[in-house]
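One letter stands for each residue in the lines below.
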Amino acid sequence: MKSLFLLGLAAAAVALLCGTALAHDRWHHHHVRADVHREVHEAMREARQAVHEAQREAAHASREARIAARDAYRDTVRDAVRDARRAIRDAAREVRQAVRDASRSW
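Residues numbered from 1 in each chain as written. Predicted model: local features only at pLDDT ≥ 70, side-chain atom pairs only at ≥ 80, totals over all residues. Heavy atoms only, no water.

Enquirer: Just to check I follow, could you spell out the overall build of the chain for this structure?
Expert: On a plain count of helices and strands, the chain comes out with 1 helix and 0 strands. Within the chain, the proportion of its 106 residues that are buried is 0%. Here the chain displays about 9700 Å² of accessible surface, and carbon together with sulfur accounts for 64% of that area. (Helix = DSSP H or I, 4+ residues; strand = E, 2+ residues; numbered from the N terminus. Buried < 20%, exposed > 50% of the residue type's maximum accessible area, 1.4 Å probe, protein only. Areas by Shrake-Rupley, 256 points an atom, 1.4 Å probe, with all protein chains shown as cover.)

Enquirer: I keep staring at the pattern of salt bridges and nothing clicks. Help me out?
Expert: Pairs may arise between side chains of opposite charge once their charged atoms sit close together. Scanning the entire structure with this criterion turns up 9 salt bridges. Between glutamate 53 and arginine 56 there is a salt bridge, and its shortest N-O distance comes to 3.1 Å. Here glutamate 53 pairs with arginine 56, and both are found in helix H1 (residues 2–105), just 3 residues apart, close to one helical turn. With a shortest N-O distance of 3.9 Å, aspartate 83 and arginine 86 are connected by a salt bridge. Pair noted here: aspartate 83 and arginine 86 are both in helix H1, with a separation of 3 residues, about one helical turn. A residue is classified by how much of its surface remains accessible, and arginine 86, at 41% relative accessible area, is partly exposed. (Salt bridge = Lys/Arg side-chain N within 4 Å of Asp/Glu carboxyl O.)

Enquirer: How should a nonpolar patch on the surface be read in this particular structure?
Expert: Taken together, the side chains of Val32, Val36, Val40 and Met44 define a hydrophobic patch exposed on the protein surface, amounting to about 320 Å² of accessible area. For valine 32, the location among the structural elements is in helix H1. Owing to a relative accessible area of 37%, valine 32 belongs among the partly exposed residues under this scheme. (Patch = residues over 30% accessible without salt bridge, like charges linked within 9 Å, V, L, I, M, F, W, Y side chains within 5 Å.)

Dropping the structure here:
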């Protein structure tokens, strides 16, 4: 009877220890999964931030390029207009000089 009781007690102790070990494994597995989930979530957040920052920088660079192109076009047009005005002024000066010379020779 005593040995049967000890055998039952030993079986209960083994069952309790096995259950505790399984519970500990489940708890550890749960925390590992939670840590991995947190790391994946953080990596995705960083990736979204990187994409957003890259899009913002690309938009800024595009805007700067458009402004530079517009300014270059304006400078080119301004230079062409200035050169045309100089040519007209020089031509008018030559015409006046020619008229002056012609009137003096009469």
